[in-house]
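What follows is each chain in one-letter form.
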Amino acid sequence: MKKRFSALFLALVMCLGLAVPAFAADSEVPEGSYTVDLDKPDPTEMGVDGEYMVRYLNTSRSYDEATSRVDATRILPQGSEFTWTGLRSSHNVYFRFFTDLDKDGTYDERLVVKESGKNVLAPYEEKYASSLTQVSGKSQSAGTFATMVEEMGGKLEKDSSGVMTLSISSDSLCEFFGGATLFEWGVMKNGSTVVIKGTMLFTAEAKPEETDKPDETDKPDDPEPTAPAFTDVEEGAYYEDAVKWAVAHTPAVTNGTSETTFEPDATCTQLQILTFLYRAAQDKGEASAIDLISAGKWAMGKGIIGEDFDENKDCTRATAVSYIWQAFDKPEADKSEFKDVAEDADYAAAVDWAVANGITNGTDLEAGEFSPDDTCTRGQIVTFLHRAYVEEARLNAEK
């Protein structure tokens, strides 16, 4: 499939006159920026025709066939900003996002959903837990839209009468989505009358990966963990040092659930644990929504998961040690003795390795219990990972 933007189109867009955002009036406007004044909308200034391929998600959360679209499309280059002025509470905004992360020439729709009160990118384009609320792909209030843009790295200002000026940079939007992002939007008033609509192609890429991988001897040591101010991580808890390591690690293996809480007893889904593992194993990425996508692709590429993977399923202790064992390329180890781990269990070799290498001693060593079917908690998984990747933290390490 092909996606085309003519050279003339790009040249026209780059040469269009720019308006100054209200909150940037005293500073230089980044090249390629654009402002839409909702009080004086001019649809003819939204750009020129550009042809591109898109795949929409349907109501069953699967992709429709790719279709060619010709629309008024404006390119927002790296470092530029797009701004709406005159955004009011009486407005509604309809919006969709598309990315071409697989570089096949087709932009696939991506969903933004609510998770724990925050706007995040759905882990997989066509799937998300039923407990999560879909945000994109439908009409939302101006306030809901503004909050989402802020959480993507945008800026919001309100005047004394509550009229909003909202902007988002190409860099911030592309970092949130992991690459160049096509953004379709429309502003309506009184619930149905379209004020103006547009399609913007934000072309800045996410943080580039290093092309020259540094020699391992030049790799900086893990930072000395500093104690985060988590009120629910008690001094002396078995996971205390692991939590410090996970948060202080660069990049963070995980963050707290708030500025003051870590929730060590909260359970984890399979995708959450794979994401923690990906950050520790790859030593790149960030504690962000984007990593959910990268973690899934990485794990599938290593054969850790298959097509039947359920990212929303609770992750058991057996599955957690199995993921880590596979990330270490399935090394052999002496057999462990747990009465609740069958010799022919598909995770038995992983448990053997984890015990032999001081990753875990099970839940009750004297009783011979590993508790393979117990759901892994946040405290347990950061402890497993800390011991796996920091030899001095292992149970059998010389103290």
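Residues numbered from 1 in each chain as written. Predicted model: local features only at pLDDT ≥ 70, side-chain atom pairs only at ≥ 80, totals over all residues. Heavy atoms only, no water.

Visitor: Summarise the environment of A299; cite the residues concerned and give the values.
Guide: Tracing the chain through its elements places A299 in helix α6 (residues 290–301). The exposure class of A299 is buried, given its relative accessible area of 0%. Through-space distance from the C-alpha of A299 to that of T275 is 9.2 Å; in sequence the pair is 24 residues apart. Once residues within four sequence positions are removed from consideration, A299 is found in contact with L274, I304 and I305. (Helix = DSSP H or I, 4+ residues; strand = E, 2+ residues; numbered from the N terminus. Buried < 20%, exposed > 50% of the residue type's maximum accessible area, 1.4 Å probe, protein only. Contact = heavy atoms within 4.5 Å.)

Visitor: Mind laying out the sheet that holds strand β4 (residues 81–87), listing which residues take part and the relevant values?
Guide: Across the sheet, which stays open at both edges, the four strands sit in the order β1-β4-β12-β11 with mixed pairing between neighbours. The sheet terminates laterally at β1 (34–37) and β11 (155–158), the two strands that pair on one side only. With strand direction ignored, the average angle separating the axes of adjacent strands in the sheet is 15°. Across four bridges, β11 lies against strand β12 (residues 164–169) in antiparallel orientation. Note on β12: the bridge partner recorded for K158 is M164. Here helix α2 (residues 142–151) sits on the sheet in contact with β4, β11 and β12, set at roughly 35° to β12. (Pairing = 2+ DSSP bridges. Axes fitted to C-alpha atoms, helices over the stretch in contact; angles between N-to-C directions.)

Visitor: How would you summarise the pairing of β4 if you had to cite specific residues and measurements?
Guide: With respect to burial, β4 is a largely interior element, seven of its seven residues being buried. Of the pairings in the sheet, the one linking β1 to β4 comprises four bridges and is parallel in character. Counterpart to D37 in the pairing with β4 is T85. As defined by bridge partners, β4 adjoins β12 across six bridges and the pair is classed as antiparallel. Within the sheet, the bridge partner assigned to T85 lies in β12 and is T165.

Visitor: Before we move on, could you go through the packing of helix α4 (residues 240–248) against helix α9 (residues 378–389) and cite the residues and values that matter?
Guide: One can describe the packing of α4 onto α9 by two numbers: an axis separation of 8 Å at closest approach and a directional angle of 75°. Classed by the angle they form, the pair α4 and α9 counts as roughly perpendicular. Between α4 and α9, the contacting residues are D241, A242, V243, W245 and A246 on the first element and V382, T383, L385, H386 and Y389 on the second. When the residues that make up the contact of α4 with α9 are grouped by side-chain class, the tally is seven nonpolar, two polar and one charged. (Parallel < 35°, antiparallel > 145°, perpendicular 65-115°, else oblique. Nonpolar A, V, L, I, M, F, W, Y, C, P; charged D, E, K, R; others polar.)

Visitor: Pulling in residues and values, what's your account of the packing of aromatic side chains?
Guide: Following the criterion strictly, the structure yields 19 aromatic pairs and no others. When the ring of Y56 is compared with that of F98, the centres are 5.1 Å apart and the planes differ by 90°; the resulting orientation is edge-to-face. Of the two residues, Y56 is situated in the loop between β2 (48–55) and β3 (67–76) and F98 in strand β5 (residues 91–99); the sequence distance between them amounts to 42 residues. No difference in accessibility class separates Y56 from F98, as the two residues are buried. (Phe/Tyr/Trp six-rings, centres within 6.5 Å; stacked < 30°, edge-to-face > 60°.)

Visitor: Can you break down the confidence of the model for the chain residue by residue, with the values?
Guide: Taken residue by residue, the chain gives an average pLDDT of 78. The fraction at 70 or more is 75%. Helix α1 (residues 7–15) is the least confidently modelled element of the chain, averaging 29 in pLDDT, while helix α7 (residues 317–327) averages 96, the highest of any element. Note that residues 1–27 has pLDDT below 50 and, in this model, 52 contacts with residues that lie over four places away or in other chains. Taken as a whole, residues 205–220 scores under 50 in pLDDT and shows 12 contacts with residues more than four places along the chain or in a different chain. (pLDDT = per-residue confidence, 0-100.)

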